[in-house]
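This is what each chain is made of:
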Amino acid sequence: DIPILKLSMLKKYFPYKKGSFVRAVDGVSLEIFRGETLGLVGESGSGKSTVAYTVVGMYEPTNGQILYNDQDISSLYKFRSNEIKGKIRIVFQDPNSSLNPRRTIRQILFTPLKLHKNDRYKGFPASPEALLEEVGLSSIYAYRFSRSLSGGERQLVAIAHAIATNPDLVLLDEPTSALDVSIQAKVINRLMDLQNRYKLSYLFITHDLSLMRNVAHRVAIMYLGKICEIAQTKEFFEKPLHPYTQMLLSSIPVVTDEEEQLKPKKITSRGEIPSPVNIPPGCSFHLRCPFVTDQCKKLDPDMKELEARHYVRCHLYK
Ligand code: SF4
Ligand code: MG
């Protein structure tokens, strides 16, 4: 099976003061398969949004490769073919960034539909009204302006806008974190329903690890521009290996006794996330890690596959 998306040692550095760089994405490798959701989880400043913006062509990679169906698409958005533009779409945290307040929802949804009209397949919604119904909104919303919609409704319109081109991959950048909790579930359910019906692949970016338990097929944890652990969701929550993952999981509230038993013992982190301009040498987590050794301060660990499809980057594991 060829992955829909494959990133190989993707790097995105931004110039900073006096020849220094912000290493926002610093060698990320991952794969996403058809119909799969990969949760990309990290604190703010970990580089997870920069991964999405680079994949979609808003930034050019500093180094590394972006493959869509085995085809190199590492160029900026404006240089990509309409086909590629339509196959990889993004939903932002703030839906207003894709919704022009001076246009009706119908006009907004018509733009991607028109751009990709040659790509229709039978049964795929081909009108703004059909797209609205696809995301659970009444077709009469077509004649309204986005400012008259609630936050949740606007995000559903942004999702309709993203799927209008019949994409393979949708990058979801914290799509529900600006919404009320009651609305979040509704939007997530709609996303999962669309995934099943159209075999969509999702890169689901979030800082909310607990949300991934029921949404992601696999989970990747990002810290200071690097992925420190990737595993299938069940294994990830039952057998977290990286000290940083264990720290994140130990701060999630538990619901059942079973979960209490599975929960890693409380790991207290020391200090805050360092700045991506000043990434410490060796393992980038070493300033906060309770298991740090001299080796960790000098040598950046490689990613190792410890069990089938369970990868971790830490010197504790040989
Ligand atoms: Fe901690 Fe060392 Fe593992 Fe880094 S490599 S997470 S510092 S034990
Ligand atoms: Mg972000």
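Definitions and cut-offs
Residues numbered from 1 in each chain as written. Chains lettered and ligands numbered in written order. Predicted model: local features only at pLDDT ≥ 70, side-chain atom pairs only at ≥ 80, totals over all residues. Near = placed C-beta within 6 Å. Nonpolar A, V, L, I, M, F, W, Y, C, P; charged D, E, K, R; others polar. Buried ≥ 20, exposed ≤ 12 C-beta atoms within 10 Å, placed from the backbone. Helix = DSSP H or I, 4+ residues; strand = E, 2+ residues; numbered from the N terminus. Pairing = 2+ DSSP bridges. Core = buried A, V, L, I, M, F, W, Y, C linked by C-beta atoms within 7 Å. Contact = placed C-beta atoms within 7 Å. Axes fitted to C-alpha atoms, helices over the stretch in contact; angles between N-to-C directions. Parallel < 35°, antiparallel > 145°, perpendicular 65-115°, else oblique. Left-handed = near helix turned anticlockwise from the far one by under 90°.

Here we look at the site of ligand 1
Around ligand 1, the surrounding shell consists of P243, C283, F285, H286, C289, F291, V292, C296, P301, C314, H315 and L316. Here the shell around ligand 1 is composed, by residue class, of ten nonpolar, two polar and no charged.

Quick look at helix α1 (residues 48-55)
With seven of eight residues buried, α1 lies mostly within the body of the structure. Restricting attention to buried positions, one finds in α1 the residues K48, S49, T50, V51, A52, T54 and V55. Where α1 ends, the next residue or the one after it, G57, has phi of about 95°, a positive value.

Describing the pairing of strand β9 (residues 218-223)
Counting buried positions along β9 gives six out of six residues, so the element sits mostly inside the fold. Here β9 shows two buried faces, one formed by R218, A220 and M222 and the other by V219, I221 and Y223. Connecting the antiparallel pair β9 and strand β10 (residues 226-232) is a turn made up of two residues, with L224 showing a positive phi of about 45°.

What to know about the pairing of strand β2 (residues 21-32)
Two faces make up the sheet, and in a regular strand the side chains alternate between them. Both strand β1 (residues 5-15) and β2 contribute to a ladder of nine bridges, which runs antiparallel. By the bridge assignment for β2, K6 is matched with E31. Linking β1 back to β2 in an antiparallel pair, the connection comprises five residues, with K18 at a positive phi of about 40°.

Examining unusual backbone geometry
The phi angle at M9 is positive, at roughly 45°, despite the residue not being glycine. Structurally, M9 is set in strand β1. Positioned with a positive phi, E174 is a non-glycine residue whose angle comes to about 50°. By secondary structure assignment, the location of E174 is in the loop between β7 (169-173) and α6 (181-198).

Things to note about the nonpolar core
Judged by nonpolar contacts, the single largest core of 78 residues is most densely connected at A160, L203, A220 and I221. By residue number, the principal contributor to this core is helix α5 (residues 151-163), which donates seven residues. Those residues within four positions of I221 in sequence are excluded, and the remaining contacts are V41, G42, I227, C228, E229, H242, Y244, T245 and L248.

Quick notes on the packing of helix α3 (residues 105-115) against α5
In contact at an axis separation of 8 Å, α3 and α5 are set at 25° when each is read in the N-to-C sense. On the basis of the axis angle, α3 is roughly parallel to α5. Two packed elements cross with a definite hand, and for α3 against α5 that hand is right-handed. In this structure, α3 contributes I105, I108, L109 and P112 to the contact, and α5 contributes V157, A160 and H161.

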